[in-house]
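Here are the chains, one letter per residue:
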4 protein chains.
Amino acid sequence: MSTKMILVTGFEPFGEEKINPSYEAVKLLPGQIGQWKLKKLELPVGFKESAKVLKKAVEVCTPDVLLCLGQAGGRNAITIERIAINIKDSRMADNFGIIPEDEKIIIDGPDGIFSNLPIKKMMKSVTDHNIPCFVSNTAGTYVCNTVLYHALYLCQNKYPGMRAGFVHVPFIYEQLTQTKSNYPGMRLTDIMEALEYMIEAIDDE
Amino acid sequence: MSTKMILVTGFEPFGEEKINPSYEAVKLLPGQIGQWKLKKLELPVGFKESAKVLKKAVEVCTPDVLLCLGQAGGRNAITIERIAINIKDSRMADNFGIIPEDEKIIIDGPDGIFSNLPIKKMMKSVTDHNIPCFVSNTAGTYVCNTVLYHALYLCQNKYPGMRAGFVHVPFIYEQLTQTKSNYPGMRLTDIMEALEYMIEAIDDE
Amino acid sequence: MSTKMILVTGFEPFGEEKINPSYEAVKLLPGQIGQWKLKKLELPVGFKESAKVLKKAVEVCTPDVLLCLGQAGGRNAITIERIAINIKDSRMADNFGIIPEDEKIIIDGPDGIFSNLPIKKMMKSVTDHNIPCFVSNTAGTYVCNTVLYHALYLCQNKYPGMRAGFVHVPFIYEQLTQTKSNYPGMRLTDIMEALEYMIEAIDDE
Amino acid sequence: MSTKMILVTGFEPFGEEKINPSYEAVKLLPGQIGQWKLKKLELPVGFKESAKVLKKAVEVCTPDVLLCLGQAGGRNAITIERIAINIKDSRMADNFGIIPEDEKIIIDGPDGIFSNLPIKKMMKSVTDHNIPCFVSNTAGTYVCNTVLYHALYLCQNKYPGMRAGFVHVPFIYEQLTQTKSNYPGMRLTDIMEALEYMIEAIDDE
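Residues numbered from 1 in each chain as written. Chains lettered and ligands numbered in written order. Predicted model: local features only at pLDDT ≥ 70, side-chain atom pairs only at ≥ 80, totals over all residues. Heavy atoms only, no water.

Visitor: What am I meant to see in helix α4 (residues 143-157) of chain B here?
Guide: Here α4(B) is 15 residues long and its end C-alpha atoms lie 21 Å apart, about the 21 Å a rise of 1.5 Å per residue gives. Among all positions in α4(B), only B:Val143, B:Cys144, B:Asn145, B:Thr146, B:Val147, B:Leu148, B:Tyr149, B:His150, B:Ala151, B:Leu152, B:Leu154 and B:Cys155 are buried. (Helix = DSSP H or I, 4+ residues; strand = E, 2+ residues; numbered from the N terminus. Expected span 1.5 Å × (residues − 1). Buried < 20%, exposed > 50% of the residue type's maximum accessible area, 1.4 Å probe, protein only.)

And the structure:
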């Protein structure tokens, strides 16, 4: 078993939040999980900026797998996204003040691109360890979806051996106990643990 | 302004339900809305059977627009779907006992196909009349999504002038007051009225 | 059958809202429902002020029944309250800037007082007409609960023949289509109709 | 600081569930928390039987504090109940087949009785440790509320120095990953930890 590289990204905080659980979880991950050597990267919450930073990182470290994380406040479990769709549509500005309305991410790109990671196997690896996790059929139309779309488009068009996927994480306890008591959430260490089980389950294709 | 034809479909009841609000609403619609002459069709809740019935009806009446409706129990408003994705995945059997797991709908079809109806304009026409309505980014992976995928695939590959879309309707009051008091719902006549505003908003392309 | 009087109250708008569906519904009610002659009253959203206005109105018109209404944004149906509890506790100021923390409403009052209206019969009268309605076991600890507590305390201590109750109504469609698309709601005329069925069901004791 | 005794109860499983997180959490608690020596007791899910077992245990061990726990599936955090109300009302049978409809728990008991534990202080002790917890204003009308009502009635009428309260716990991860993926939940050890912080916060009155 040879060592492979996985690039794991999370986002900087956005909106009124002071932390983003997606990158908080990434920071806690060890440097190696099973056969996977981890590279970690924090992405800006900007439709354009996130893509720029992501592309450069992929170019520099040419990972075997690209796993991006984002916050999905209000979801009650960790969710693995099935698909990215070719649309940017938001009522909330990104961190750079941009509010796109029904714009394509890549003008001549396909309408949707499925993740080419083994998402059900990854999910099962998490739920087998009794951490709530399910597959989601929409990553929304905000920056998270944009990042996944770019990642999958790169797999299809520039790095044919690369695989990519996206994981949405719920609010963490610190966020709930301060301002969001009506929302479900998870403990940060549970999210981190789930990510480890997930990454372990990515086979060496 | 010439008359155009719109084929409007709803589903038969499924699971434990005795009615399906999608076809109940279709039945209440008038025969003509603005420039649109309506044809109505009830679809079976079967992954294969729904497609078969739909294709035959399209072949026979060659509509300008194909608008399919389904029930989305638990949603609190009428929702217009943005995209269909090339997957059948369910834990619940269809009315023919089939439980597909991560199967493609059309082997060599694209991962996703956007609705080519003016979904935001249709939504606005409904909310302008103070009926709750929004755009949804997932039609799920059950029979509803399968029907929309087939409809959009037909537009792309066989009937280039045709447009298609899907509307999910919530539970109706009759369902709530009998067994589902914890769920949100709408009055059937409000759903019917919303459909009229929506269809009015489809422009004559 | 002699005529009896019912005093029906609703609240003025509060927080960021421009209307309060509770008083909007009251305004739409007819002057007589079955044996009940209606008096209508709008209450201020103030812990003290609401009680003052309510007491004066009861003193002036000595109703047989006192039915108070308030908004419960987020609930998906009309709810009839079972009990008021002797506590004021809020993180949100009332319209007079008051934010009480765990204060008694009436120093030596009982911890809780049940509504002495036939709440299940009233509920059934609404659901029999296919409008979603259920009994709630908490009116919260904000102004709504305070008003109900005062009303029931008056029944127990000053007006022995009087009966009182409280109905929480959800957001109405106008509120949802403007700013609250994630919430469930009802059409104002459905709420009004439900109130009529409810009031009809209050027997002549 | 002298040692005081706290009797902590949880319920046996009910309905389709194979475990009840309330007693699972009780089992994990240590024998002593701060000044409090713990006695543990599993209660049957029966309107009458729970009261009988509870009363006998209180008679035998005369605790200083009685803290009862139950499952509130669907809540997203640990909740501390403020009040018990004098009503049994259910559509679901208890484990002995009883389905009470609007019956009083104690014929001449008061409508409601507030918990006499320092519920806000207990809540703060939990949230200060970043575990989601809030005060609830209804324990429902099923067996949980009945047990709390009996406990508080005993404090008022038979054991004047005793204090009592009720804590509702959400589903635990094991329940979610097997059958309830749409619900929020918590890790059992987080619930246990929260109970420790809560019990620590009960002052020596």
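Visitor: Help me understand the relation of the copies chain A and chain D, please; the structure alone is not making it clear to me.
Guide: Both copies of the chain are related by one operation, a rotation about an axis with a shift along it. Structural alignment of chain A on chain D gives an RMSD of 0.0 Å, achieved by rotating through 180° and translating 0.0 Å along the axis. Interpreted geometrically, this transformation is the action of a two-fold axis. Rotation axis and chain A: the residue whose C-alpha lies nearest the axis is A:Pro184, separated from it by 3.0 Å. Taken together, the interface assignments show that 100% of the residues at the interface of chain A recur at the interface of chain D, consistent with an identical surface on both copies. (Least-squares fit on C-alpha atoms with pLDDT ≥ 70 in both. Contact = heavy atoms within 4.5 Å.)

Visitor: Could you clarify how one ought to interpret the side chain of C:Gln175 in this entry?
Guide: Residue and element names in this part refer to chain C. Relative to the helices and strands, Gln175 resides in helix α5 (residues 173-178). The class for Gln175 is buried, based on a relative accessible area of 3%. The contact partners of Gln175, leaving out residues within four places of it in the chain, are Glu17, Ile19, Pro21, Gln71 and Lys180.

Visitor: I would appreciate a short explanation of the state of the cysteines in the present structure.
Guide: Throughout this description, disulfide means a covalent bond between two cysteine sulfur atoms. All names here are of chain B. Counting across every chain of the model gives 0 disulfides over all chains. No disulfide involves Cys61; its sulfur sits 11 Å from the nearest other cysteine sulfur, which is in Cys68. Here Cys61 falls in the buried class, since its relative accessible area comes to 13%. Cysteine Cys133 is unpaired, with the sulfur of Cys144 as its nearest cysteine sulfur at 16 Å. Among the residues examined, Cys133 registers a relative accessible area of 6% and is labelled buried. (Disulfide = S-S within 2.5 Å.)

Visitor: Explain the interface of chain A and chain D here, please?
Guide: Chain A puts 19 residues into the contact, and the matching count from chain D is 19 residues. Looking at the side of chain A facing chain D, the largest losses of area belong to A:Asn130, A:Tyr173 and A:Thr177, adding up to 35% of the total buried there. Inspection of the chain A/chain D interface yields 4 salt bridges. Within the residue set of the side of chain A that touches chain D, elements represented by two or more residues are α5 (173-178), β11 (185-186) and α6 (188-200) of chain A. Of all the elements, α5(A) adds the most residues to the side of chain A that touches chain D, at 4 residues. Its residues placed into classes, the side of chain A that touches chain D shows 8 nonpolar, 7 polar and 4 charged. (Buried area = accessible area lost by both parts, 1.4 Å probe. Salt bridge = Lys/Arg side-chain N within 4 Å of Asp/Glu carboxyl O. Nonpolar A, V, L, I, M, F, W, Y, C, P; charged D, E, K, R; others polar.)

Visitor: What's the story with unusual backbone geometry in this structure? I'm lost.
Guide: Negative phi values dominate among residues other than glycine, just as trans dominates among peptide bonds. With phi around 50°, B:Asp102 is a residue other than glycine that occupies positive phi space. Even without a glycine there, the phi angle at C:Asn130 is positive, about 65°. Along the chain, C:Asn130 turns up in the loop between α3 (119-127) and β8 (133-136). The exposure class assigned to C:Asn130 is partly exposed, which follows from its relative accessible area of 22%.

Visitor: Help me out: how do you make sense of the sheet that holds strand β8 (residues 133-136) of chain A in this one?
Guide: Hydrogen bonding along the main chain pairs the strands of a sheet, whether they run parallel or antiparallel. Residue and element names in this part refer to chain A. Spatially, β2-β3-β1-β4-β9-β5-β8 is the arrangement adopted by the 7 strands of the open sheet, whose pairing is mixed. Each end of this open sheet is capped by a strand with a single partner; those strands are β2 (32-33) and β8. Across 2 bridges, the pairing between strand β5 (residues 78-81) and strand β9 (residues 163-169) is antiparallel. By the bridge assignment, Thr79 is partnered in β9 with His168. Each of β1 (4-11), β2, β3 (36-43), β4 (65-71), β5, β8 and β9 touches α6; the most contacted strand, β5, lies at about 35° to it. (Pairing = 2+ DSSP bridges. Axes fitted to C-alpha atoms, helices over the stretch in contact; angles between N-to-C directions.)

Visitor: Can you walk me through helix α2 (residues 47-61) of chain A in this structure?
Guide: An α-helical turn contains 3.6 residues, so a residue and the one three or four places further along point in the same direction. With 15 residues, α2(A) extends 22 Å between its outermost C-alpha atoms, agreeing within 8% with the 21 Å of an ideal straight helix rising 1.5 Å per residue. Along its buried surface, α2(A) packs onto β1, β3, β4 and α4 (143-157) of chain A.

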